[in-house]
Amino acid sequence: MDPDHPFIAFLLAREANGRFEQISDRSYVKHGFFALSSTFCSACIGTDGTRLGLGCSDTYSVGNNGDNFWLGPPAEIDPWLGLWDPVCSHFDRGEPAVAPPNDCNGARSLTSSQANALGSVGHRIRVRDADFNVPGAFWFQGMYVIETEGDRVREDNLASRAFVPSWTGSSWNLVESGVQLFGSVLQRWAGASVKSSTNGTDDGRLFVAVKVGGQDQTNGTYHYEYAVHNRDNRRGVGALRIPICASARVMNLGFGDIDQEAGNDWSASVVGNEIVFSGPSNPLAWNTIYNFWFDSDAAPVLDTVELDQASAGPGAAFVSVTSSAPLALYNVYLGPGCDFDPVPPTLFANGRATLGNAAFALYSGGNTPFMRSYLRFSITPGSHVRGGCTRYLGPGPAFSLAAGNNLADATGLCGFSAPIPSDIAYEGLNVSMQTLSRDPSGGPVRSFFDLSDGLLVRLGNAVPDCP
Ligand SMILES: [Ca+2]
Ligand SMILES: [Ca+2]
Ligand SMILES: [Ca+2]
Ligand SMILES: [Ca+2]
């Protein structure tokens, strides 16, 4: 078997409900075996099929690319160097494997009848019906892996196109539409920022797409959504590390791979000033997209995330890619409020308390609709517990904001205008805040009041992004 040929890998992706994910399983790889000398691009100087002639096109049918006589496992390919060793390969072994020594003699043992016995879907990419049965936008991507081609000229080796799946009653019809776009399919994610990097000249390119939602209007958090595409990185990715302010909150950490097994899902935790997603036994292999998400009260800042290489090999231990990370925490959660109901009222700010910010405001969600709340604050940090409830107000006088006495709306949201004076005396001031909100069904404070979460507002123009 001649190893000197291109390899073609496939992938289907979908954007739905704010997430851009791969919906196909890991693609087997089509081994190219003959270059046509067609003239779909231009006039063509034909060849005998062992190489692609100048100006020639080489397009062929879906059935050809899906013929499992030519489909081999992706793990046998070095996607960065475009190399494949035929000896002891899938084609050498056959399926089921032939007896030694013919399973490892460098001569093809996978016969046409063996390939046919794999059935019409054997080794083709698979998509669950349920993944088409979701309203969303769909794309397919194809990619060529070619030996000796450098990174700078690889962007046109992969391309994507949109399609619409429709169920005919007995099968799915995928109707393609729109223009072909070169490069990672992640570029199709509307509103996302896509950046990439290689492991120097030692290993292949990793794309990180990120989209951060607007501030949640009930608790002030931001939703962070990442999709990571391994184009041709041979060592794979075993961990994603995202920097975060150490005192930021992180909730609803989530991960998505391309199988239905929960047992191999990556773990997610906050370690110091990093969010660490880790799954060394289920690495992000080439031609695969994994998803990562969480909510945080820290706002997004342009920074770098680190992708740890899963297996040993030449090059650095990790690849850094520019992305967004929760690194702006000007209003710090101090702790939970107090309520007879399961969730106490929240407290958050609508931005940064810079000097002269007349639009600065505090909001409390989860209150009893149409009931009154009182915003209290203290310029002395500290807390104390009374009656089983924590007050996040330091010793000394607690003040009520001039505009801090308002009614919640029908959704339980209560707003407090808090314009920041343009006065240098406020620079660097830390103000703790908490609301007292009326609940006619009863509350832990003075029989009819709940306490909101505590919030520390860091005033000024010169305060660092993280406390
Ligand atoms: Ca053989
Ligand atoms: Ca190219
Ligand atoms: Ca899994
Ligand atoms: Ca209550």
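Since we're looking at a predicted model, the values are computed, not measured. (Residues numbered from 1 in each chain as written. Chains lettered and ligands numbered in written order. Predicted model: local features only at pLDDT ≥ 70, side-chain atom pairs only at ≥ 80, totals over all residues. Heavy atoms only, no water.)

Quick look at the overall build of the chain
Formally: What counts as a helix is a DSSP run of H or I of at least four residues, what counts as a strand is a run of E of at least two, and both are numbered from the N terminus. A radius of gyration in this sense is built from C-alpha atoms; the matching globule rule multiplies 2.2 Å by the number of residues raised to 0.38. Buried residues are those whose accessible area, probed at 1.4 Å on protein chains only, stays under 20% of the maximum for their type, while exposed residues exceed 50% and partly exposed ones sit between those limits. It only takes one pair of heavy atoms within 4.5 Å for two residues to be counted as in contact. Here the open area of atoms and residues is found with the Shrake-Rupley method and a 1.4 Å probe, where only the protein chains shown may cover a residue. Charge assignment in this entry is limited to Lys and Arg as positive and Asp and Glu as negative, and neither His nor the chain termini are counted. Where a charge lies is defined by one atom per residue type, namely NZ (Lys), CZ (Arg), CG (Asp) and CD (Glu).
Looking only at helices and strands, the chain features 4 helices and 30 strands. Scaling as 2.2 N^0.38, a compact globule of 467 residues should have a C-alpha radius of gyration of about 23 Å, whereas the chain reaches 29 Å, well beyond that. Seen along its three principal axes, the alpha-carbon backbone of the chain occupies a region of about 90 × 50 × 45 Å. The buried share among the 467 residues of the chain stands at 47%. Of the contacts made within the chain by residues no fewer than 6 positions apart, 66% connect residues no fewer than 24 positions apart. Of the accessible surface of the chain, which amounts to about 21,100 Å², a share of 56% is contributed by carbon and sulfur atoms. Taking the 30 positively charged and 46 negatively charged side chains of the chain as two groups, their mean positions are separated by 6 Å.

Remarks on the coordination of the calcium ion (ligand 2)
Defined as follows: Coordination here is defined by N, O and S atoms within 2.8 Å of the metal (3.2 Å for Na, K and Ca), and since water is not considered, a site can look incomplete.
The protein atoms that coordinate the calcium ion (ligand 2) are Glu149 (OE), Glu149 (OE), Val153 (O), Asp156 (OD) and Asn157 (OD1), at distances spanning 2.2 to 3.2 Å. Here the donor residues for the calcium ion (ligand 2) map to a single chain with the spacing E-x3-V-x2-D-N. Note on Asn157: relative accessible area 10%, which makes it buried.

Some remarks on a nonpolar patch on the surface
Going by this rule: The patches described consist of residues with a relative accessible area above 30% and no salt bridge, like charges being joined within 9 Å and nonpolar side chains (Val, Leu, Ile, Met, Phe, Trp, Tyr) within 5 Å. Throughout this description, the term salt bridge denotes a Lys or Arg side-chain nitrogen within 4 Å of a carboxyl oxygen of Asp or Glu.
On the surface, a cluster of nonpolar side chains totalling about 260 Å² of accessible area is made up of Phe33, Phe34 and Leu36. Looking at the secondary structure, you find Phe34 in the loop between β3 (29–31) and α1 (62–65). With a relative accessible area of 43%, Phe34 lands in the partly exposed category.

Comments concerning the coordination of the calcium ion (ligand 3)
Basically, it comes down to this: Labels for metal geometry use angle windows, namely 85 to 135 degrees for all angles of a four-donor tetrahedral site, and for square planar (four donors) or octahedral (six donors) sites opposite donors over 155 degrees apart plus all others within 65 to 115; sites meeting none of these are irregular.
Bound to the calcium ion (ligand 3) on the protein side are Asp257 (OD), Asp257 (OD), Asp259 (OD), Glu261 (O), Asn264 (OD1) and Asp265 (OD), at distances that span 2.2 to 2.7 Å. Because the angles between the 6 donor atoms bound to the calcium ion (ligand 3) fall within 51 to 165°, the donor set is best described as irregular. Expressed as a motif, the donor residue spacing for the calcium ion (ligand 3) is D-x1-D-x1-E-x2-N-D. The buried category is assigned to Asp257, whose relative accessible area is 14%. Looking at Asp259, the relative accessible area reads 26%, which means it is partly exposed.

With respect to the state of the cysteines
Spelled out, the test is: The disulfide criterion used throughout: a pair of cysteine sulfur atoms within 2.5 Å.
All told, the structure shown has 4 disulfides when counted by the stated rule. Residue pairing for Cys44: its cysteine sulfur links by disulfide to Cys56, the two sulfurs lying 1.9 Å apart. Disulfide Cys44 to Cys56: torsion about the S-S bond roughly 80°, handedness right-handed. Note that Cys44 is positioned in the loop between β3 and α1 and Cys56 in the loop between β3 and α1, a separation of 12 residues in sequence. With a relative accessible area of 23%, Cys44 lands in the partly exposed category. The residue that forms a disulfide with Cys88 is Cys104, at a sulfur-sulfur distance of 1.4 Å. Of this pair, Cys88 sits in the loop between β6 (83–84) and α2 (90–93) while Cys104 sits in the loop between α2 and α3 (112–117), and the two are 16 residues apart along the sequence. Taken in sequence order, the bonded cysteines of the chain link in the pattern 1-2, 3-4, 5-8, 6-7. Note on Cys41: no disulfide assigned, nearest cysteine sulfur contributed by Cys56 at a separation of 8.9 Å.

So, the sheet that holds strand β21 (residues 348–349)
Rules: Strands pair, by our definition, only if DSSP identifies at least two bridges between them.
Ordered in space as β21-β22-β27, the 3 strands form an open sheet in which the pairing is antiparallel. Bordering the open sheet on either side are β21 and β27 (414–417), each of which pairs with just one other strand. As judged from the 4 bridges shared by strand β22 (residues 361–364) and β27, these two strands associate in the antiparallel manner. Paired with Leu362 across the two strands is Phe416, which belongs to β27.

Here's the deal with the pattern of salt bridges
Scanning the model with the defined rule gives 13 salt bridges in all. The network of salt bridges with shared partners includes Asp151, Arg154, Glu155, Arg205, Arg231 and Asp232.

So, the packing of aromatic side chains
Rules: Only centres within 6.5 Å qualify two rings of Phe, Tyr or Trp (six-membered ring in Trp) as a pair; their planes then separate them into stacked at under 30 degrees, edge-to-face at over 60, and tilted for everything else.
Counted by the stated rule, this structure contains 22 aromatic pairs. Between Trp84 and Phe91 the ring centres are 6.0 Å apart and the planes differ by 75°, which places this aromatic pair in the edge-to-face class. As far as the burial class goes, Trp84 and Phe91 line up, both buried. On the basis of an interplanar angle of 55° and a centroid distance of 5.3 Å, the ring pair of Trp266 and Phe292 is categorised as tilted. Within this pair, whereas Trp266 is found in the loop between β14 (250–256) and β15 (267–271), its partner Phe292 is found in strand β17 (residues 288–296), the two being separated by 26 residues in sequence.

A look at unusual backbone geometry
The linkage connecting Glu95 with the following residue, Pro96, adopts the cis geometry, with an omega of 0°. That bond from Pro100 to Pro101 is cis: its omega, 0°, falls within 30 degrees of zero. Here Pro101 shows up in the loop between α2 and α3. The backbone of His123 shows a phi angle near 65°, a positive value even though the residue is not glycine.

Notes on the nonpolar core
As a reminder of what qualifies: What is meant by a nonpolar core is a set of buried Ala, Val, Leu, Ile, Met, Phe, Trp, Tyr and Cys residues, joined one to another through side-chain atoms within 4.5 Å.
Grouped together as the largest cluster of nonpolar side chains are 36 residues, with contacts concentrated most on Tyr226, Ile242, Phe277, Phe292 and Leu307. Looking at this core, the elements that each hand over two or more residues are β11 (203–212), β12 (222–230), β13 (237–243), β16 (274–278), β17, β18 (299–309) and β19 (318–328). With 5 residues, β19 is the single largest residue contributor to this core. Non-local contacts of Leu307, meaning those with residues more than four positions away in its chain, are made with Leu206, Val208, Val228, Val237, Ala239, Leu240, Ala317, Phe318, Val319 and Val321. By size, the runner-up hydrophobic cluster in this structure holds 18 residues, among which are Ala353, Ala418, Val431 and Leu459.

Let's talk about the side chain of Ser109
Structurally, Ser109 can be placed in the loop between α2 and α3. Among the residues examined, Ser109 registers a relative accessible area of 14% and is labelled buried. Setting aside residues up to four positions removed in sequence, Ser109 forms contacts with Phe91, Asp92, Arg93, Gly94, Val98, Asn102 and Gln114.

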